[in-house]
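Now for the letters of each chain:
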Amino acid sequence: FGSGAGSNLSPIRSAREKMTGGGTASGPVSFMKGYDAFAGVVKSGGKTRRAAKMVILDAGHPDILDFIDSKMLEEKKAWALIEQGYDPSFTGEAYASVYFQNANHSVRVTDEFMHAVERDGDWTTHAVVDNAPMGTYKARDIFRRMADAAHLCGDPGIQYDTTINDWHTSA
């Protein structure tokens, strides 16, 4: 009785990467704003429920921290509006004025990432275009950030990339 679609935005160049002709790419989080707006106008099954949209970003993408924080920061904006007297309902003014209310966010993690979390190892993100190292973090810190954001607003979720591919029935 509904509809939905998911998109892995990891092939989109990071907002930290330079464009060939100069300037910097807009990055996947900016594209998510457009996807979110589009999902917000699609009604599902002719009823009032909106279509479901999932956006996914690989844990190794250079914009992973921005992605993890994106929905949580918007949730905090909605709370500030509610404190100022705006309608707090899901269809009210507070939530209608912030991004990412029409999408579920998920971080796609590999076994390699999860093992790095277990041993408190480093995790390096890589550029989309040339695979150059972009940033190194403690995997456990990224995972904690995911947990804190999910505790606050329910997202991001986790997709277990290695398991999904190991269990794939068409492979």
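Provided above is the structure to which this section pertains.
Residues numbered from 1 in each chain as written. Predicted model: local features only at pLDDT ≥ 70, side-chain atom pairs only at ≥ 80, totals over all residues. Heavy atoms only, no water.

**Student:** What am I meant to see in unusual backbone geometry here?
**Tutor:** Negative phi characterises most residues that are not glycine, and trans characterises most peptide bonds. Cis peptide bonds are those with omega within 30 degrees of zero, and the linkage from D155 to P156 qualifies with 10°. Inspection of the secondary structure puts P156 in the loop between helix 5 (139–153) and strand 6 (157–160). Phi is positive for F100, which is not a glycine, with a value near 70°. Secondary-structure assignment places F100 in the loop between helix 3 (93–96) and strand 3 (103–109). Among the residues examined, F100 registers a relative accessible area of 2% and is labelled buried. (Helix = DSSP H or I, 4+ residues; strand = E, 2+ residues; numbered from the N terminus. Buried < 20%, exposed > 50% of the residue type's maximum accessible area, 1.4 Å probe, protein only.)

**Student:** Hey, could you run me through the pattern of salt bridges in this one?
**Tutor:** Once their charged atoms are close, side chains differing in charge can pair, the charge on each being opposite to the other. Applying the stated criterion to the full structure yields eight salt bridges. Ionic pairing is found between D66 and R16, a salt bridge with its closest N-O pair at 3.0 Å. Remark: R16 occurs in the loop between strand 1 (4–8) and helix 1 (28–41) and D66 occurs in helix 2 (residues 64–83); sequence separation between them is 50 residues. Taking the relative accessible area as the measure of exposure, D66 reaches 36% and is therefore partly exposed. For R145, the salt bridge is made with D69, and the minimal N-O distance between the two is 2.4 Å. Of this pair, R145 sits in helix 5 while D69 sits in helix 2, placing them 76 residues apart in sequence. (Salt bridge = Lys/Arg side-chain N within 4 Å of Asp/Glu carboxyl O.)

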